Structure formats: structure tokens, C-alpha cells
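Each chain is listed here by its residues.
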Amino acid sequence: MDLRSFYKKQGYKKENITDRVIAFGSGTQSIAMTLMAMKNEFDNKPDFAVFSDTQAEPNSVYNYFNYFTKKVKQKYDFDIYKVSQGNILKDIEGNKRMATLPYFVKKENNKKGMMLRQCTSEYKIKPFHSFLKNYFNIPRKNKNSKPFLEIWFAISTDEMSRIRESDKWYAVNRYPLIEKNIHRKKSIDYVVQNGYDRPPRSACVVCPYRSDKEWMNLSKEELEVAIDFEKKVNKKIDIKEKLFLHSSLNDLDKVDFNKNKNQLEFSFVNECEGYCGI
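The numbering scheme is per chain: residues are counted from 1 as the chain's sequence reads. Local features in this predicted model are restricted to residues of pLDDT 70 or higher, and side-chain atom pairs are both shown and tallied only at a pLDDT of 80 or more, whereas totals for entire chains, interfaces and linings draw on every residue. Water and hydrogen atoms play no part in the side-chain values, which are based on all heavy atoms of the structure.

Participant: I'd like a rundown of the overall build of the chain, residues and numbers included.
Facilitator: Of the regular secondary structure elements, the chain holds nine helices and seven strands. Seen through its C-alpha atoms, the chain measures out along the principal axes to roughly 55 × 45 × 35 Å. When accessible area is computed with a 1.4 Å probe and restricted to protein chains, residues below 20% of their type maximum are described as buried, those above 50% as exposed, and intermediate ones as partly exposed. Looking at the 278 residues of the chain, the share that counts as buried comes to 53%. The contact definition used throughout considers only heavy atoms, calling two residues in contact when any of these lie within 4.5 Å. For the chain, long-range pairs separated by at least 24 residues make up 71% of all intrachain contacts whose partners lie at least 6 apart in sequence. Total accessible area on the chain is roughly 14,200 Å²; 45% of this is exposed by carbon and sulfur atoms. Counting rule applied: Lys, Arg positive; Asp, Glu negative; His and chain ends not counted. Charge placement uses NZ in Lys and CZ in Arg. For Asp and Glu, CG and CD serve respectively. Charge separation in the chain, taken as the distance between the mean sites of 50 positive and 37 negative side-chain charges, equals 3 Å. Here a strand is any run of E in DSSP of at least two residues, a helix any run of H or I of at least four, and the numbering for each starts at the N terminus. Residue exposure ignores everything except the shown protein chains as possible cover, and the areas themselves are Shrake-Rupley values with a 1.4 Å probe.

As C-alpha cells, this is what we get:
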């Protein structure tokens, strides 16, 4: 892919760029890309990073986030801000919002389908851009408006289908890992080789984009939260089809995760925006 043409199509001009921000997913690729940036492995350094917290990540992700943010602040004086739209689990269970997860459903022909996903937009993208608009005091677009902000996404070469143009007039989406031909495994190796603990994969405890091995990696308490959530969602009056968090179309508490414990990680390629799973 010709990234130079891709950036140009978004209205990118280097002389107009005044700031650079990492869309920090708190997972493997985000950690690696942040470290690479701190070590001047890209042509510019980002100014800061922003993590949109759904308040439903596994404890392993929050523990690593606290560990890593402290490290980069001490060593590089680099800030990673945390923003949130609320607790996605409590909001959905309490009908405050019905931001649809990509639930698995059984179609009329008995084939497996997935529901349209709204959770990324509501709990990742909106709080991220709300923070940017307040931080930079971004005005409404006018005839002279030009993109002045690079948003760095930690998409690696194994997930290139997730690349998207920015839909915000003030920003250009940039993909530094792809510029450097970095694969996810190489991201993991880079972090470890630089003396950091191996990062966990970022995904909400109820995220259907999860392999059996990843379900097994949840703590007993986190798995119980997911099982309870699935039951509560299916008791809602306005639910027409039964919703499943597991690709087998079985209730989560009936799934034998040991059967496919060696399967590859569930891909996030259908999460196009690039805010999750990185």
C-alpha cells in the first residue's frame, strides 16, 4: 500500500501539522509503537497519548497500563491520558445506552452471524475526540480549515484491512507501524527486548473478539462477569434474537474452552477503526 498517497488523500501536508497524538489501545502494538516513538524510531515524536477506557478491561490490562504509563512518564516525561464515556457493562445492563456489541447470533438458515458493532464508536471514538476538541480548542470547520493533527494508530501489517481515512477535518490518520513494516509478533518482541514485561492483549471482558485461549486467560471473577452480562442482556424485553458472546453459539457458561485452547487469537480485523485490540 502506498501510504504517502493515502496520507495525501486525507489532506496531509507536513508543514500544516502542529501536533501528533497516539490513539492508545493499551495493548501490544500501542505499547510497542509508543516505545519506538520515545526512542526516535519515527520521523517525529508524538506529543501525548489518549486511552479511551470502557471501564471493562481485564485487570491485567489496567495493571499493565499503570505500570507502563508510570515508566514512560519517569523515563521520557511522556503523558498518556485516560478518558471515559462511562462503564459499558453497567450502561448496557441498566439501559442507559444500548451500544451494540458484535454479538454472535444464529440466522434463520441456522448459520452464524454477527450484529453490527456500536461499542467502539460510543466508548472509544467519541471520548477520544471529545478530549482532543477540548484540549486543542478545535473550532468548527470553515473554508480555510486544514488538517493540523496526526492521529497515530498502532495497526500492524497483519491487520492492514483496518486502515481507514480520517472523518475529522482537523486530523490525518497515520500508521507508523505499517510504515516500518512491523508485524504484531515483532511488536511483542520489541517490547520485551527493551526490558518491559510482555503486554496483554487489550479487549473488554465481554468482547466477542476473543479466542478460547483468551477466554481462559480471564480470571474466574472476570469470566463470571461476562457470563452474568450475557444472561442479563438476553433477558431484555426488546431483544428479538438470542445473543452470544462465544462464536460456538453456546451460552458462555456451557462452553468448554479447553477444546480449542490452542487456536490463534481472534482477529480484530472487523473492528475497522483501530481503537480496540491494539
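Participant: Describe helix H9 (residues 220-234), listing the residues and the values that go with them.
Facilitator: Note: α-helices contain 3.6 residues per turn, so residues at a spacing of three or four share the same orientation. What a helix should span is 1.5 Å times the count of its residues minus one. Its 15 residues give H9 an end-to-end C-alpha distance of 22 Å, which sits within 8% of 21 Å, the value for a rise of 1.5 Å per residue. Turning to H9, its buried residues are Glu222, Leu223, Ala226, Ile227, Phe229, Glu230 and Val233. Down the axis of H9, the buried set is contained in an arc of 160°. They therefore lie on one face. Residues of H9 that are exposed and angled more than 90 degrees away from the buried face: Lys220 and Glu221. Here the buried face of H9 lies against helix H3 (59-76), helix H4 (88-93) and helix H8 (212-217). Think of it as the arc spanned by the lines of direction from the helix axis to the C-beta atoms.

Participant: Tell me what's going on with the pairing of strand S1 (residues 19-23), and back it up with residues and numbers.
Facilitator: Remark: a regular strand shows side chains that alternate across the two faces of the sheet. With respect to burial, S1 is a largely interior element, five of its five residues being buried. A two-sided burial pattern is seen for S1, the buried positions comprising Asp19, Val21 and Ala23 on one face and Arg20 and Ile22 on the other. Two strands qualify as a pair provided that DSSP identifies no fewer than 2 bridges between them. Sheet topology note: the S1/strand S6 (residues 149-153) ladder contains five bridges and is parallel. Looking at S6, one finds that Arg20 is bridged to Glu150. Direction of pairing for S1 relative to strand S2 (residues 48-52): parallel, over a ladder of three bridges. When the sheet's bridge partners are listed, Ala23 is paired in S2 with Val50.

Participant: Outline the nonpolar core, supporting the account with residue identities and numerical values.
Facilitator: Take the buried residues of types Ala, Val, Leu, Ile, Met, Phe, Trp, Tyr and Cys, join any two whose side-chain atoms come within 4.5 Å, and each joined set is a nonpolar core. One finds Leu101, Val206, Phe229 and Leu245 to be the most contacted residues of the largest nonpolar core, which totals 28 residues. With five residues, H9 is the single largest residue contributor to this core. Grouped together as the second largest cluster of nonpolar side chains are 26 residues, Phe42, Ile80, Ala154 and Val191 included.

Participant: Describe helix H5 (residues 119-136), and please don't skip the residues or the numbers.
Facilitator: If you check H5, its first and last C-alpha atoms are 25 Å apart, about what 18 residues at 1.5 Å a residue would give, namely 26 Å. At Ile125, H5 is deflected by roughly 35°, the largest bend along its length, and proline Pro127 occurs up to four residues later in sequence. Of all the positions in H5, only Cys119, Thr120, Glu122, Tyr123, Lys124, Ile125, Pro127, Phe128, His129, Phe131, Leu132 and Phe136 are classed as buried. Those residues of H5 that are buried lie in contact with S1, S2, strand S3 (80-83), H4 and S6. Asn137 sits one or two residues past H5 and shows a positive phi near 55°. What we call the bend at a residue is the angle made by axes fitted to the seven residues finishing there and the seven residues starting there.

Participant: Let's hear about the pattern of salt bridges: which residues, and what values?
Facilitator: Salt bridges are defined by distance alone: a side-chain nitrogen of Lys or Arg within 4 Å of a carboxyl oxygen of Asp or Glu. Evaluation of the coordinates by the stated rule reveals 17 salt bridges. Between Glu179 and Arg174 there is a salt bridge, with the nearest N and O atoms lying 2.8 Å from each other. Between Lys242 and Asp251 there is a salt bridge, with its nearest N and O atoms 2.8 Å apart. Judged by its relative accessible area of 43%, Lys242 falls in the partly exposed class. A residue is classified by how much of its surface remains accessible, and Asp251, at 24% relative accessible area, is partly exposed. The structure contains a network of salt bridges with shared partners spanning Arg20, Asp43, Glu150, Arg174 and Glu179.

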